[in-house]
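So you can see what is in the structure, the chains are spelled out below.
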Amino acid sequence: MGESGPDGGLMTADAPSTAAGQEPAAPQRTPLHAVHEAAGAQLVDFAGWAMPVRYGSDLAEHQAVRERAGLFDLSHMAELRVRGAEAGAALDRALAGRLSALELGQAKYTLLLADDGGIVDDLIVYRLGEAEYLVVANAGNRRAAADAIAERIAGLDATLVDETDETALIAVQGPAAAAIVGAIGLESEPLEGLRYYRALEAVFEGEDVLVARTGYTGEDGFELYIAAHAAEDLWRAIVLAGEEHGLALCGLAARDTLRLEAGMPLYGHELSLATQPAQVGLGRVPALRTKGDFVGRAAVEAGPAEGAPVLVALTAEGRRAPRAGYPVLDGGRVVGEVTSGALSPTLGRPIAMALVEPGSANSDSLTVDVRGTQLPAAVTQLPFYTREARA
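Computed from a predicted model, the values in this text were never measured in an experiment. (Residues numbered from 1 in each chain as written. Predicted model: local features only at pLDDT ≥ 70, side-chain atom pairs only at ≥ 80, totals over all residues. Heavy atoms only, no water.)

Structurally, the position occupied by Ala107 is in strand E6 (residues 107–113). Taking relative accessible area as the criterion, Ala107 reaches 5% and is therefore assigned buried. Placed 20 residues apart in sequence, Ala107 and Arg127 show a C-alpha to C-alpha distance of 6.5 Å. (Helix = DSSP H or I, 4+ residues; strand = E, 2+ residues; numbered from the N terminus. Buried < 20%, exposed > 50% of the residue type's maximum accessible area, 1.4 Å probe, protein only.)

Pasting the structure below:
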């Protein structure tokens, strides 16, 4: 889950709207803003936040994560804490997954759906206690997610508190991530035993930290949640521990090419209110067999409308990158458009995801209109890259 895009494709539509004649609101700053400025980051207004898009070279930052490790500020993401004796049942009603079945310390990728089955947001949910969950939403969907969940859990013994402004989120991703996080002086259980999509509670210099083995890059890695006032100290400790491992500071541009190679969907590109889970390869996310009613269930059971576009993965030759919004043609006829695309730094070839008419999902005659040039594109399977294949 995430909302970043490559250079030229950064999503800005989720930034707060401004009335005619008014000055646009200044973007919100993460707790690490001063650190980014000191490091020479190029900052952009993204979903209402001033975020680093790069510190130097997009390619170098991308390669650092694939080969060594990268450090990301993700403090723009929304953290929503749900507590109460019926918190699990409340989230089962509000979301598409069966969250009440999570074990303590377990995380789950899930969806927040509209009544018609469209995707309001994609989320990560952590079970932190018998009656406590942490819901992590995309920055641009913070209000939509918080309002929808709060409305849906009303009447049950559960409350939602938006802790975004009090929380910093720092990610360390890459083959050396475990060695780096293990060297920053956390008071915790051994990280070696922490499985993927699991989290444990730790302490860093007297501050509580939630350490999750999750990420959005296709590599091993950790996401660390800490109080905003302690973010700079944690960031500096990670930078120091990462010096011998070639740790790189990374921005949104590298994060986007990494997640694209890993075949991970992006809200506002592959996911939107106009798409149902089954259209974008997420048909198994809604827990139709293991729980009762939830918002959007009837629409998901009915399925997408006849002829609704479906997601495909495309590869091409050469160096010209298909970008979001470029038309996809089949036999010269427009049948869809690219949702995300880039020249893959790891694979050295153009890759893309696209929503196309169902009849063209397996076509061997697809092309992408790249600024007037028809680029032949082959349908392939997601993900484009796995660390297992690299090994």
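UniProt annotation of "domain: GCVT N-terminal" (unreviewed entry) refers to residues 32–285 when read in the numbering used here. Split by type, residues 32–285 is 24% helix and 30% strand. Its first and last C-alpha atoms lie 34 Å apart. (UniProt positions renumbered as here; feature names shortened; annotations may be inferred.)

With respect to topology, 3 strands assemble into an open sheet ordered E1-E3-E2, the strand pairing being mixed. Since the sheet does not close on itself, it has two edges, and those belong to strand E1 (28–29) and strand E2 (42–46), each with one partner. Pairing analysis gives 2 bridges linking E1 to strand E3 (residues 49–54), with the strands arranged parallel. Paired with Arg29 across the bridge in E3 is Ala50. Lying over the sheet, helix H7 (residues 252–261) contacts E2 and E3, oriented at roughly 70° with respect to E3. (Pairing = 2+ DSSP bridges. Contact = heavy atoms within 4.5 Å. Axes fitted to C-alpha atoms, helices over the stretch in contact; angles between N-to-C directions.)

What follows deals with the confidence of the model for the chain. Averaged over the chain, the pLDDT score is 94; the fraction of residues at 70 or greater is 94%. Of the regions scoring below 50 in pLDDT, residues 4–19 engages in 38 contacts with residues more than four places distant in sequence or in other chains. (pLDDT = per-residue confidence, 0-100.)

Within strand E18 (residues 350–356), 7 of the 7 residues are buried, which leaves it mostly tucked inside the rest of the structure. Judged by which residues are buried, E18 turns out to be covered on both faces: Pro350, Ala352, Ala354 and Val356 on one side and Ile351, Met353 and Leu355 on the other are all buried. The pairing of strand E15 (residues 310–315) with E18 spans 6 bridges and is classified as antiparallel. Looking at E18, one finds that Ala313 is bridged to Met353. The sheet contact formed by strand E17 (residues 333–343) and E18 spans 7 bridges and is antiparallel.

Turning next to the nonpolar core. Counting residues in each nonpolar core, the largest one holds 41 residues, and the members touching the most others are Tyr109, Leu111, Ile124 and Tyr126. Excluding anything up to four places from it in sequence, Tyr109 contacts Met1, Asp122, Leu123, Ile124, Tyr197, Pro265, Leu271, Leu282 and Val285. Listed in part, the 33 residues of the second largest apolar core include Ala177, Leu200, Val209 and Leu224. (Core = buried A, V, L, I, M, F, W, Y, C linked by side-chain atoms within 4.5 Å.)

A regular strand carries its side chains on alternate faces of the sheet. In terms of burial, strand E10 (residues 167–173) is largely enclosed, as 7 of its 7 residues are buried. Here E10 shows two buried faces, one formed by Thr167, Leu169, Ala171 and Gln173 and the other by Ala168, Ile170 and Val172. Where strand E4 (residues 70–73) and E10 come together, 4 bridges link them in antiparallel fashion. Bridge pairing in E10 places Asp73 opposite Ile170.

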